[in-house]
Amino acid sequence: MDKTKLSIDTYNACAETYLQKYSDFHLYDDAYDSFIEYIKPGARVLDLGCGPGVISKYICERIDVSPVLVDFSERMIELAKEIHPGAETHVCD
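Residues numbered from 1 in each chain as written. Predicted model: local features only at pLDDT ≥ 70, side-chain atom pairs only at ≥ 80, totals over all residues. Heavy atoms only, no water.

*Asks:* I'm lost on the packing of aromatic side chains in this one. Help?
*Replies:* For any pair of aromatic rings, the description rests on two quantities: the centre-to-centre distance and the angle between the ring planes. Per the counting criterion, the structure on display carries 6 aromatic pairs. Arranged with centres 4.8 Å apart and planes meeting at 45 degrees, the rings of Tyr18 and Tyr22 form a pair that is tilted. You can see Tyr18 and its partner Tyr22 sitting in helix H1 (residues 3-22), 4 residues apart, about one turn around the helix. Owing to a relative accessible area of 33%, Tyr18 belongs among the partly exposed residues under this scheme. A centroid spacing of 5.2 Å and a plane angle of 80 degrees characterise the contact between Tyr22 and Phe25, whose relative ring orientation is edge-to-face. Ring pairs connect the aromatic residues Tyr18, Tyr22, Phe25, Tyr28, Tyr32 and Tyr58, which therefore count as one cluster. Its end group placed over the ring of Tyr58, Arg62 keeps NZ or CZ at 3.4 Å from the ring centre. (Phe/Tyr/Trp six-rings, centres within 6.5 Å; stacked < 30°, edge-to-face > 60°. Helix = DSSP H or I, 4+ residues; strand = E, 2+ residues; numbered from the N terminus. Buried < 20%, exposed > 50% of the residue type's maximum accessible area, 1.4 Å probe, protein only. Lys NZ or Arg CZ within 6 Å of the ring centre and 35° of its normal.)

Next comes the structure, spelled out in structure tokens:
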């Protein structure tokens, strides 16, 4: 099995655990808040390697933006769609 497929399979298998662990993780909130200062309301924000979308959720709760969510894990994108219904999503590497 190639390493990329192994990584994708691992993230697909652990997606729910990842979401549960990091949904209420606040270690980097100050950094996110600093980033938000540079975003204009209504902007599209690209989240590469978005996982289940928890960082974009944090940002979207504080400023009106349109997230573009990209991850190589199909399951992570499925979870991100639950958090961000209607958001632009892409499964790719």
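*Asks:* I would appreciate a short explanation of the pairing of strand S2 (residues 66-71) in the present structure.
*Replies:* Strand residues, when the strand is regular, have side chains that alternate between the two faces of the sheet. Taking burial as the measure, the 6 residues of S2 include 5 buried ones, the bulk of the element. Here 5 bridges tie strand S1 (residues 44-48) to S2, and the two strands are oriented parallel to one another. Along S2, the bridge assignment pairs Arg44 with Ser66. Handedness of the crossover joining S1 and S2 through helix H3 (residues 54-60) is recorded here as right-handed. When S2 meets strand S3 (residues 88-91), the two strands line up parallel, connected through 4 bridges. Residue pairing for S3: Val68 is matched across the bridge by Glu88. With respect to chirality, the unit in which S2 leads through helix H4 (residues 74-83) into the neighbouring parallel S3 is right-handed. (Pairing = 2+ DSSP bridges. Right-handed = clockwise from strand over helix to strand, strands pointing away.)

*Asks:* I would appreciate a short explanation of the packing of H1 against H4 in the present structure.
*Replies:* Between two packed helices, the angle of one axis relative to the other and the distance separating the axes together describe the packing. At a minimum axis separation of 7 Å, H1 and H4 run at an interaxial angle of 35 degrees. In this structure, H1 uses Ile8, Tyr11, Asn12, Ala15, Glu16, Tyr18 and Leu19 to contact H4, whose residues at the interface are Glu74, Arg75, Met76, Leu79 and Ile83. Split by residue class, the contact of H1 with H4 holds 8 nonpolar, 1 polar and 3 charged. (Axes fitted to C-alpha atoms, helices over the stretch in contact; angles between N-to-C directions. Contact = heavy atoms within 4.5 Å. Nonpolar A, V, L, I, M, F, W, Y, C, P; charged D, E, K, R; others polar.)

*Asks:* Before we go on, may I ask you to explain the environment of Gly86 in this structure?
*Replies:* Take Gly86: it is sitting in the loop between H4 and S3. Through-space distance from the C-alpha of Gly86 to that of Ser66 is 9.5 Å; in sequence the pair is 20 residues apart.

*Asks:* Looking at this model, I keep getting lost on the nonpolar core. Mind explaining?
*Replies:* Within soluble globular proteins, side chains that are nonpolar generally end up buried alongside one another. By size, the foremost hydrophobic cluster in this structure holds 8 residues: Tyr32, Ile36, Ile39, Val45, Tyr58, Ile59, Ile63 and Val65. Those elements giving two or more residues to this core turn out to be helix H2 (29-36) and H3. Excluding its chain neighbours within four sequence positions, the residues that come into contact with Tyr32 are Ile55 and Tyr58. (Core = buried A, V, L, I, M, F, W, Y, C linked by side-chain atoms within 4.5 Å.)

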